[in-house]
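# Observations on chain architecture
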Amino acid sequence: MLKKLFNIKPGEGLPTLILFIYFFAFVALGITGSAARDAYFLNMVDRDYLPLMFLAVAIVLTLAVAIYNRLSKNRDLIQTTTVSCLVFALSLVFIQNNLKGWVIPFLYVWVEVIIVIIITQFWILAADVFNPRQAKRLFSILGAGGALASIIIGSSIKYYVSLFGSENLLFVTIGFLGVVILMANLIRPYRNINELKNRSTKKDEKQQSDKLFTPYIKSLAIIIGLAAIASVIIDYQFKMIAVAAFPNQDDLVNFFGKYYAITGIARIIIDLYITSRVLSRFGILIAILILPISLMIGSLGFLLSPILATVFLSKFSDQVFKFTLHNASIQLFWIPVKNTIKTKLKPIIEGSIRASLQGLSGVVIFIAVTIFNIPIHYLSLSIVLIAI
C-alpha cells in the first residue's frame, strides 16, 4: 500500500526505508544539537557576539572541510562516515561534561561542522543508490524523513527538558549519531549501480582536473551561496527576537522545539504531496524559484512590522522551502556531476564557500547592528535584493 501511495517500484523499498531513517536521524541530531547550542549561547554568552559566530563557523568549517577532504581521499565513503560520526560523538561527550567558558562558543561552531559533513555524506550516498529518474520520485520521500523528525523531535523536546533539563540535550544528539552510523552501514549493498556508472578512469580524471569549476558548477555555487546569506540574516533576526520574547533558557528551548514541530508538519506535507509533483510537472526551475519568492514576502512583512510573528514567517519560509523544494532541486542539480568531481567540490561549495559567505554576512551584520545601530528589521532589505 505504501509503495503504491508513494510510487515506490520493486527493489526500491528497502533502500528507501534505510535512507529515510538515515535522514530522520540526521535531522533529529541537527535539531537537538542546534536547539542546545542556541539556548546555551544565547543565555550564557553576550548576544552581541552572535553575528561573529557566523565568522567563526566559516573559519573552522573551512579548515574542517579541508582536513576532511584530505583524510577521506580515496577512502570508502561509508567507512569515512562511520569514523567521522564516532569522532563527533566522542567530542560531544566531552562537551556535555564541560558546559562552561570557551566550550559554549566552540559547541556553537562544532554543531555546524557536524551538520555540514554528515549531510554531504548522506546526499552523496543517496546519489550512489538512486539514478536521476528515481531521485525525482524518491528524494522527496527521504526529505519527509527529516520533516517527520522535526515533528516528533521538536514536539518532544519540551517533555525531555522537563524531565532531564536542557543542559542534557546533547545526549540525544549523540544517540542519533549512532543511528546514522548504523544506517550508513546498512545502505552499503545498495550503492553499487550509480557508483559504478559514475566511476572515472585516471585518464578521465586528468582530463577533467582543469575543469572542476565549470559554468554549471559556478551557477550552482551562486545559488547555494545566495541562499546561505539570506539564511544567516533571517536566522539572526529570528534568534534575537526569540530570545527577547523568551529570556528563560528552558522556555527558549521549548519555543525552538515548537518551531521545529510546526515546520516539520509543513515539510512532511510538501515532501509527500507537492515536491515530486512540482518537479515532475513543472521542472526544477519553478521548484527552485519558490524559496526566493517566499523569502521576499516574509522579509517585507518583517520590515513593515518587526515582531515575532512576522520574523517567524520569514524563518518558516526559509526552513520549510529550503529543505523541501529547494533542497530537492539542488540535489538533482548535483546528480549529473561525476562522482570524482562531486566528492571533491560538494563539501567545498556546500561547506567552505557557503560558510565563508555566512561568516562574511555575520561580520557585516555585527558592524551594521553594533557600530551603526541599524535596527535588525532593516536587514530585511538585503533579503529582498538577494531574492531578486
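Refer to the structure printed above.
Residues numbered from 1 in each chain as written. Predicted model: local features only at pLDDT ≥ 70, side-chain atom pairs only at ≥ 80, totals over all residues. Heavy atoms only, no water.

### Some thoughts on the packing of aromatic side chains
We count it as follows: Each pair of aromatic rings taken from Phe, Tyr and Trp, with Trp reduced to its six-membered ring, is defined by centres within 6.5 Å and is described as stacked if the planes are under 30 degrees apart, edge-to-face if over 60, and tilted in the remaining cases. What counts as a helix is a DSSP run of H or I of at least four residues, what counts as a strand is a run of E of at least two, and both are numbered from the N terminus. Only protein chains enter the area calculation, which uses a 1.4 Å probe; residues under 20% of their type maximum are buried, those over 50% are exposed, and those in between are partly exposed. Two conditions define a charge located above a ring, namely a distance within 6 Å from the ring centre to NZ of Lys or CZ of Arg, and an angle within 35 degrees of the ring normal.
Inspection of every chain in the model, using the stated rule, returns 22 aromatic pairs. With a centroid separation of 5.2 Å and 50 degrees between ring planes, the pair formed by Phe41 and Tyr108 is classed as tilted. Of the two residues, Phe41 sits in helix α2 (residues 13-44) while Tyr108 sits in helix α5 (residues 103-129), which places them 67 residues apart along the sequence. On the accessibility criterion, Phe41 (1% relative accessible area) is buried. Residue classification places Tyr108 among the buried positions, given a relative accessible area of 2%. Their ring planes at 65 degrees and their centres at 6.0 Å tell us that Trp102 and Phe106 sit as a pair that is edge-to-face. A relative accessible area of 34% means that Phe106 is categorised as partly exposed. Taken together through their ring pairs, the aromatic side chains of Phe238, Phe246, Phe255, Phe256, Tyr259, Tyr260, Phe312 and Phe316 make up a single cluster. When the ring centre of Tyr108 is taken as reference, the NZ or CZ atom of Arg37 above it lies at 4.1 Å.

### Describing the pattern of salt bridges
Side chains that carry opposite charge are capable of pairing whenever their charged atoms lie near each other. Just so we agree on the cut-off: Just to be clear on terms, a salt bridge is a Lys or Arg side-chain nitrogen sitting within 4 Å of an Asp or Glu carboxyl oxygen.
Here the structure, examined in full by the defined rule, presents 9 salt bridges. A salt bridge links Lys239 to Asp38, with the nearest nitrogen and oxygen atoms 3.1 Å apart. In this pair, Lys239 sits in helix α10 (residues 215-245) while Asp38 sits in helix α2, placing the two residues 201 residues apart along the sequence. The partner of Lys315 in a salt bridge is Asp235, and the shortest N-O contact between them spans 3.0 Å. Here Lys315, found in helix α13 (residues 308-334), pairs with Asp235, found in helix α10; they are 80 residues apart in sequence, far enough to count as distant. You'll find Lys315 and Asp235 in the same group, each marked buried. Salt bridges here are not isolated pairs; linked through shared partners, they connect Arg37, Asp38, Glu112, Asp235, Lys239, Lys315 and Arg354.

### Let's talk about a nonpolar patch on the surface
In plain terms, the rule: Each patch is built from residues that are more than 30% exposed by relative accessible area and take part in no salt bridge. Like charges join if they lie within 9 Å; nonpolar side chains (Val, Leu, Ile, Met, Phe, Trp, Tyr) join within 5 Å. Note that accessible areas follow from Shrake-Rupley with a 1.4 Å probe, and for residues the cover is restricted to the protein chains shown.
Residues Leu55, Ile59, Val60, Leu63, Ile67 and Leu71 make up a contiguous nonpolar surface patch of roughly 540 Å² in combined accessible area. Within the fold, Ile67 resides in helix α3 (residues 50-72).

### Quick notes on the nonpolar core
The criterion, for reference: By convention a nonpolar core is built from buried Ala, Val, Leu, Ile, Met, Phe, Trp, Tyr and Cys residues, the set being connected through side-chain atoms within 4.5 Å. Whether two residues are in contact is decided by their heavy atoms, any of which lying within 4.5 Å being enough.
Counting residues in hydrophobic clusters, the biggest one holds 118 residues, and the most contacted among them are Leu19, Leu92, Ile118, Leu177, Tyr236 and Phe256. Ranked by residues supplied to this core, first place goes to α5 with 21 residues. Once residues lying within four places of it in the same chain are set aside, the contact partners of Ile118 are Phe26, Leu29, Cys85, Phe88, Leu177 and Val180.

### Structural notes on helix α15 (residues 380-387)
Keep this limit in mind: Throughout, the arc means that of the directions going from the helix axis to the C-beta atoms.
Turning to α15, its buried residues number three or more, namely Ser380, Ile383, Val384 and Ala387. The buried residues of α15 all sit within an arc of 100 degrees when viewed along its axis, so they share a single face. Elements that come into contact with the buried residues of α15 comprise α10 and α12 (284-304).

### Some words on unusual backbone geometry
With a phi close to 60 degrees, Asn74 is a non-glycine residue in the positive phi region. Secondary-structure assignment places Asn74 in the loop between α3 and α4 (77-96). Accessibility expressed as a relative area gives 77% for Asn74, which makes it exposed. In this structure, Asn373 is a non-glycine residue whose phi angle is positive, near 55 degrees. With respect to the helices and strands, the residue Asn373 is situated in the loop between α14 (339-371) and α15. A residue is classified by how much of its surface remains accessible, and Asn373, at 58% relative accessible area, is exposed.

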